[in-house]
There are 4 protein chains.
Amino acid sequence: MTRLTEEARGVFVIAATPFHEDGALDLESTDRMVDFYLDTGATGLTVLGMMGEAPKLTLEESRTVVRRILARVDGRVPVVAGVSAPGFAQMKALSDMVMDDGAAGVMIAPPGSLKTDDQIVSYYHQAAEFIGDAPFVLQDFPLATGVHIPVSVIARIVADLPTCVCLKHEDWPGLAKISALREPGTLSRRISILCGNGGLFLPEEMARGADGAMTGFGYPEMMVDVVRETEAGNAGRARDLFDAYLPLARYEQQPGLGLAVRKYVLARRGVIASAALRKPGAGLSAAARAEVDLLIERQERRLKELG
Amino acid sequence: MTRLTEEARGVFVIAATPFHEDGALDLESTDRMVDFYLDTGATGLTVLGMMGEAPKLTLEESRTVVRRILARVDGRVPVVAGVSAPGFAQMKALSDMVMDDGAAGVMIAPPGSLKTDDQIVSYYHQAAEFIGDAPFVLQDFPLATGVHIPVSVIARIVADLPTCVCLKHEDWPGLAKISALREPGTLSRRISILCGNGGLFLPEEMARGADGAMTGFGYPEMMVDVVRETEAGNAGRARDLFDAYLPLARYEQQPGLGLAVRKYVLARRGVIASAALRKPGAGLSAAARAEVDLLIERQERRLKELG
Amino acid sequence: MTRLTEEARGVFVIAATPFHEDGALDLESTDRMVDFYLDTGATGLTVLGMMGEAPKLTLEESRTVVRRILARVDGRVPVVAGVSAPGFAQMKALSDMVMDDGAAGVMIAPPGSLKTDDQIVSYYHQAAEFIGDAPFVLQDFPLATGVHIPVSVIARIVADLPTCVCLKHEDWPGLAKISALREPGTLSRRISILCGNGGLFLPEEMARGADGAMTGFGYPEMMVDVVRETEAGNAGRARDLFDAYLPLARYEQQPGLGLAVRKYVLARRGVIASAALRKPGAGLSAAARAEVDLLIERQERRLKELG
Amino acid sequence: MTRLTEEARGVFVIAATPFHEDGALDLESTDRMVDFYLDTGATGLTVLGMMGEAPKLTLEESRTVVRRILARVDGRVPVVAGVSAPGFAQMKALSDMVMDDGAAGVMIAPPGSLKTDDQIVSYYHQAAEFIGDAPFVLQDFPLATGVHIPVSVIARIVADLPTCVCLKHEDWPGLAKISALREPGTLSRRISILCGNGGLFLPEEMARGADGAMTGFGYPEMMVDVVRETEAGNAGRARDLFDAYLPLARYEQQPGLGLAVRKYVLARRGVIASAALRKPGAGLSAAARAEVDLLIERQERRLKELG
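- Per an unreviewed UniProt entry, chain A goes by 4-hydroxy-tetrahydrodipicolinate synthase and derives from Tranquillimonas alkanivorans.

So this is what it looks like as structure tokens:
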């Protein structure tokens, strides 16, 4: 079975959770979405992410979705599952479940109650003990968690815990952090750095030493293109493509609205059947849909110009 | 089956979750604790509270604990279960489960994402729709939730949602809010107001119009005494008793430490077998235990003086 | 003397505060910067903004800077001064000072302690009473202030306080708010809406009914162009120009780093002598400067293509 | 001139700012208040505290108040002035002003923007450089500042900055922090630890190694008594007295209401002429005044019983 390692690279797409209009799980759309992500060039998937609709699922629904995705992926790429939880008993139960079902690793965000450097280190020590030998992604997303993890703390976690294989980098601004982590001597071993924030800084992040992206965006091909062209040495081409998608990526990055935009785009592209969000989420207004339509129209024109 | 109503009064003790030293559930201690609370004069119990160790339980453990408590209570007093959850699907699943198992009502705290008056009202409308006819307690605890619920919003919720039967009042400072809610004409119907904050303001809260307390404290008899003596017209006696317990109640009210103090007290009194907290919680230091011992010794002396 | 009115439109540039390398005020650069902003097409200036370096100035320095800017502007455009303060006595003193010196109006952000709709309305009532007949801009910037101001509260403030003439709109996401405010019947009178957030959503904001921008960006011509072309009916041209500047605008919008980017750009363009920030601020790293240089180079090429 | 040193001990009362009913400064009451504090046994005073009404004063008013207090104290006890400010230029200006006027030291709270251990240390390095040789108090008050300062960070500041002579300890819960700081070897030199939080934990804080209190309370004699009796070896007597004042101290500690309670008590005792707060503050309701009156009546009775 695939296990997540320090070699993780490319684009791990954060998977959406498709629903029918009435809020029920739409597993057919889930299958289509998995195929779409992999066809687009995703090198991995991440499920049960903190910012999506995973918290709106019951535990049984979570398991149903994860199993469906794992079955559809069928080992083609590694699948990471978010297992952040208020207590370690829940975290362990969730981690054991998804690893048994075939996940490649888990992702753990720090709870907002952690305040000092030592508290953060201690928390990950305890979490790692609970989840056993499951490889884990350290999620560094201060805007959402309220926890600021300095480079020295990441270094301590990497040195102490061999199961920490990847950093989901979502600090903002965070380019200096990538440079510091890639400075020889900072970390005792090289881990994977995959970046979030909707890919809005991906060209700069790649140049600073990131290995790719772990985030969502209705056009994952943007991230795939940027990573591929950057690694092929075509930084200029990477930026041209990035710039073409940027107006929409910027629009999708609005907090609290982004998921509705993403689902609208995925539905518009025929990937999922319905753009519906579960309550208390709400879909896009007519004005917002028209704005997205215009952005996509302009994006397609610009991509055609670029060839 | 007992259902929570607007007539709820007295002391609803927030139940602790007893563990063995190794972190496993201690159901024998749970039984003893239920008996202790009821013998002490509790008129209700509240389980799965937000601030306790409920979030550290797996879903199965939660159900086990709730069922054990309901079985032991056996209809003698109403039991309220916290069902706050990130999404309504989870909330509904949890609410249906506990109501089916015999709970008298549920308690719902607002998520921190709610910012404006209208958002709060709308959230409770949706929640009430999901939980159906289960009576619910509106939990008003800004220090923990970050959501400030003005009197006018409580009035709108009470007017719109007949299943809202009780306010768990834990605003701080909040005495003026009780007075405003009890002002004739503020609410379209009288609901129960039970107060939190470890009982630290119970004499004043009762004088302002509260119906009792819904909170924990290692000596629930303090709250029972204050409510009883106040209702019997012996306000001076109520305050004498309150003052005797206040040094310890103050000590227990330290955020992040209170639960460890409470469990230490319950274990010291022979109610539960172990004061152990589940990780990442920690027990009391030797210095803290000595401080609590001293406070209890002085408290007992003072109570003897009062006769 | 120019007074700010409901007719305010176009681009009010948030002025930076130029320093010498040693941290002393650089008034010659301040003059050049004023000329630059006005030559670029600014229809107003805003000084002593909350997010800039104004809080790092002593009161005397603040007055020196404001007077210098007012003298250089010499009535050509209205100048708005931020007067947010912990207490009304300070706010009044600051407001009286700048209005006496010739400012056209003041800007007031709500303090983070305001939690409910009524508290926000009440605060602006008191503030308006203290500042007397000075026209004021209501600053709506939840990400920075923590205060969420719903449309209904803005409507109450506009209805109650005739001196409220403009909304600095910086909610995020906030496009729906502009639409709601421009819906006939929402406000009792039309006020100016000028948008913030570094201009990152300016095309959409203009389409929703905004009157322009009040924000900073090292290339204010972007905002001037977008407003002009939108008003001339050339929405496509507006977006083409916007898109050309977007990669840099996105880079400048990084929280905590943006001001350093802006000053670097202004210094690079010869507008100010030094990009220095006052401590505890820090300038850009060599890597960041190279990133900005590349973005500007690409931006110039793209603008040339667009003609 | 008195300078604050590591030997600071006893009770530094946080001085209120007396106003006339119309909000103007009441300097006669200020004189009386100083005399009252010193007669009660204060060993120091603290002015311009973060949580009082100092932020409501204009800069000129601040200076007037500080000079008046310094003149009245006339060197009898050291006076500490709060100089926390958004920028170092303001902090330095304020610090120079009060030290020139005769203050014994200054107090600096960390701004909420500091997130990691290193950022906190770095901030105090810069602050200490700006204020020169003025002795300073490190204010550790996470509930208000949002900044959590671990023991190891305090140790680094004490080791690096000889002008750091005192910790205003207001962490909550914070007893373990005092013990850790007093553990031999933790700090490179002994500094003074004076505790806040309205004195609510003073007996325990003294037992853990604190040197006294730096906080307000309408009856400073409580703190003076507790410190004196503790130092005289009469811990039981200290607690008896403490317990007598506790019901009122608890009432005064309500956030957002405490200052109104304190001023009401000071006015009731004839210390200041008016209990008025500057807007947007508000005074006590009739119900609250009656509650305080009752608490004082009971307190006096209990103190009489204790002899």
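**Brief notes about the overall build of chain A**
- Scanning chain A for helices and strands turns up 12 helices and 8 strands.
- For 307 residues, the compact-globule estimate of 2.2 N^0.38 gives 19 Å, and chain A sits close to it at 19 Å.
- Put simply, chain A has 307 residues, and 61% of those count as buried.
- The contacts of chain A with a sequence gap of at least 6 include a subset with a gap of at least 24, amounting to 73%.
- Carbon and sulfur atoms make up 51% of the accessible area of chain A, which totals about 10800 Å².

**Concerning the sheet that holds strand E4 (residues 105-108) of chain A**
Residue and element names in this part refer to chain A.
- Overall, parallel pairing links the 8 strands, which are arranged E1-E2-E3-E4-E5-E6-E7-E8 in a closed barrel. Going from strand to strand, the sheet's axes swing by 25 degrees on average, the running direction of each strand aside.
- Where helix H3 (residues 88-101) meets the sheet, its contacts fall on strand E3 (79-82) and E4, and the angle it forms with E4 comes to roughly 150 degrees.

**Topic: the relation of the copies chain A and chain C**
- Note on the identical chains: chain A maps onto chain C by a rotation of 180 degrees and an axial translation of 0.0 Å, with an RMSD of 0.0 Å. In symmetry terms, the pair is related by a two-fold rotation axis.
- A symmetric contact is evident, with 100% of the interface residues of chain A recurring at the interface of chain C.

**A word on the interface of chain A and chain C**
- Listed as interface residues are 30 residues of chain A and, on the opposing side, 30 residues of chain C.
- Across the interface of chain A and chain C, roughly 2600 Å² is buried in total on both sides, 58% from carbon and sulfur atoms.
- Ranking the residues of chain A by area buried against chain C places Trp172, Arg250 and Arg298 of chain A at the top, with a combined share of 24%.
- Our count for the chain A to chain C interface comes out at 8 salt bridges.
- For the salt bridge of Arg298 of chain C with Asp243 of chain A, the shortest nitrogen-to-oxygen distance reads 2.9 Å.

**Notes on the relation of the copies chain B and chain C**
- Screw-axis analysis of chain B against chain C gives a translation of 0.0 Å along the axis, an RMSD of 0.0 Å, and a rotation angle of 180 degrees.
- Mapped onto chain C, 100% of the interface residues of chain B are again interface residues, and the two copies thus contact each other with one and the same surface.

**Regarding the packing of aromatic side chains**
- Enumeration according to the criterion identifies 34 aromatic pairs over all chains in this entry.
- Seen from their ring centres, Tyr124 of chain A and Phe136 of chain A are 5.9 Å apart, and the 10 degrees between their planes marks the pair as stacked. Of this pair, Tyr124 of chain A sits in helix H4 (residues 117-131) while Phe136 of chain A sits in strand E5 (residues 136-140), placing them 12 residues apart in sequence. Each member of the pair, Tyr124 of chain A as well as Phe136 of chain A, is classed as buried.
- Here Phe36 of chain C and Tyr37 of chain C contribute two aromatic rings whose centre-to-centre distance is 5.8 Å and whose plane-to-plane angle is 50 degrees, an arrangement assigned as tilted.
- Its relative accessible area of 16% is what places Phe36 of chain C among the buried residues.
- For Tyr37 of chain C, a relative accessible area of 2% puts it in the buried group.

**Observations concerning the pattern of salt bridges**
Residues and elements named next belong to chain A.
- What the rule picks out here adds up to 128 salt bridges over all chains.
- Of the charged contacts in the structure, one is a salt bridge between Glu61 and Arg278, with a shortest N-O distance of 2.7 Å. Here Glu61, found in helix H2 (residues 59-73), pairs with Arg278, found in the loop between helix H11 (258-268) and helix H12 (286-306); they are 217 residues apart in sequence, far enough to count as distant.
- Within this structure, Arg9, Arg182, Arg190, Asp211 and Glu231 form a network of salt bridges that share partners.

**Describing the UniProt feature "binding site: pyruvate" (unreviewed entry) in chain A**
Residue and element names in this part refer to chain A.
- Taken from the UniProt record, the annotation "binding site: pyruvate" (unreviewed entry) applies to Met214.
- With respect to the helices, strands and loops of the structure, Met214 is situated in strand E8 (residues 212-215).
- Beyond its immediate chain neighbours, meaning those up to four positions away, Met214 contacts Phe12, Ile14, Thr46, Val80, Met107, Lys168, Leu194, Cys195 and Gly196.

**Description of the confidence of the model for chain A**
- With 99% of its residues at a pLDDT of 70 or more, chain A has an overall mean of 95.
- Interface confidence for the predicted complex, given as ipTM, is 0.96, next to a pTM of 0.95.

**Focus: the interface of chain B and chain C**
- Taken together, the contacts link 5 residues of chain B with 5 residues of chain C.
- Carbon and sulfur atoms supply 61% of the area that chain B and chain C bury against each other, a total of about 600 Å² over both sides.
- If you look at where chain B meets chain C, you find 0 residue pairs in polar contact (both at pLDDT 80 or more).

**Let's talk about the packing of helix H11 (residues 258-268) of chain D against helix H12 (residues 286-306) of chain D**
Residues and elements named next belong to chain D.
- Two elements in contact, H11 and H12, have axes separated by 11 Å at closest approach and are oriented at 60 degrees. Regarding the angle of H11 to H12, the classification is oblique. At the point where H11 passes H12, the crossing takes the right-handed sense. In contact with Val261, Tyr264, Val265 and Arg268 of H11, H12 contributes Arg289, Val292, Asp293 and Ile296.
- Residue composition of the contact of H11 with H12, grouped by class: 5 nonpolar, no polar and 3 charged.

**Examining the nonpolar core**
- In this structure, Tyr37, Leu45, Ile108 and Phe136 of chain B together with Tyr37, Leu45 and Phe136 of chain D are the most contacted members of the largest nonpolar core, which totals 193 residues.
- In terms of nonpolar packing, the next biggest core, distinct from the first, is built from 192 residues, Ala134, Leu187 and Tyr251 of chain A together with Ile131 of chain C among them.

**A short note on H2 of chain A**
- For H2 of chain A, spanning 15 residues, the distance from its first C-alpha to its last is 21 Å, which sits close to the expected 21 Å at 1.5 Å a residue.
- All of the buried residues along H2 of chain A are Glu61, Ser62, Val65, Val66, Ile69, Leu70 and Val73 of chain A. Viewed end-on, H2 of chain A has its buried residues packed into an arc of 165 degrees, placing them on one side of the element. Exposed residues lying more than 90 degrees from the buried face of H2 of chain A are Glu60 and Ala71 of chain A.
- Residues of H2 of chain A that are buried in the fold lie against helix H1 (27-40), strand E2 (44-47), E3 and H3 of chain A together with helix H3 (88-101) of chain B.

**Topic: the pairing of strand E3 (residues 79-82) of chain C**
Residue and element names in this part refer to chain C.
- Of the two faces of E3, both are covered, the one formed by Val79 and Ala81 as well as the one formed by Val80 and Gly82.
- Two elements, strand E2 (residues 44-47) and E3, share 3 bridges in a ladder whose sense is parallel. The residue bridging Val47 from the neighbouring strand is Ala81, located in E3.
- Bridge count for E3 against strand E4 (residues 105-108) is 3 bridges, and the pairing is parallel. Looking at the pairing, Ala81 lines up with Val106 of E4.

Procedures and definitions
- Residues numbered from 1 in each chain as written.
- Chains lettered and ligands numbered in written order.
- Predicted model: local features only at pLDDT ≥ 70, side-chain atom pairs only at ≥ 80, totals over all residues.
- Heavy atoms only, no water.
- Helix = DSSP H or I, 4+ residues; strand = E, 2+ residues; numbered from the N terminus.
- Rg over C-alpha atoms; globule rule 2.2 N^0.38 Å.
- Buried < 20%, exposed > 50% of the residue type's maximum accessible area, 1.4 Å probe, protein only.
- Contact = heavy atoms within 4.5 Å.
- Areas by Shrake-Rupley, 256 points an atom, 1.4 Å probe, with all protein chains shown as cover.
- Pairing = 2+ DSSP bridges.
- Axes fitted to C-alpha atoms, helices over the stretch in contact; angles between N-to-C directions.
- Least-squares fit on C-alpha atoms with pLDDT ≥ 70 in both.
- Buried area = accessible area lost by both parts, 1.4 Å probe.
- Salt bridge = Lys/Arg side-chain N within 4 Å of Asp/Glu carboxyl O.
- Phe/Tyr/Trp six-rings, centres within 6.5 Å; stacked < 30°, edge-to-face > 60°.
- UniProt positions renumbered as here; feature names shortened; annotations may be inferred.
- pLDDT = per-residue confidence, 0-100.
- Polar contact = N/O pair within 3.5 Å; in protein donor to acceptor, adjacent residues only side chain to side chain.
- Parallel < 35°, antiparallel > 145°, perpendicular 65-115°, else oblique.
- Left-handed = near helix turned anticlockwise from the far one by under 90°.
- Nonpolar A, V, L, I, M, F, W, Y, C, P; charged D, E, K, R; others polar.
- Core = buried A, V, L, I, M, F, W, Y, C linked by side-chain atoms within 4.5 Å.
- Expected span 1.5 Å × (residues − 1).
- Arc of directions from axis to C-beta.

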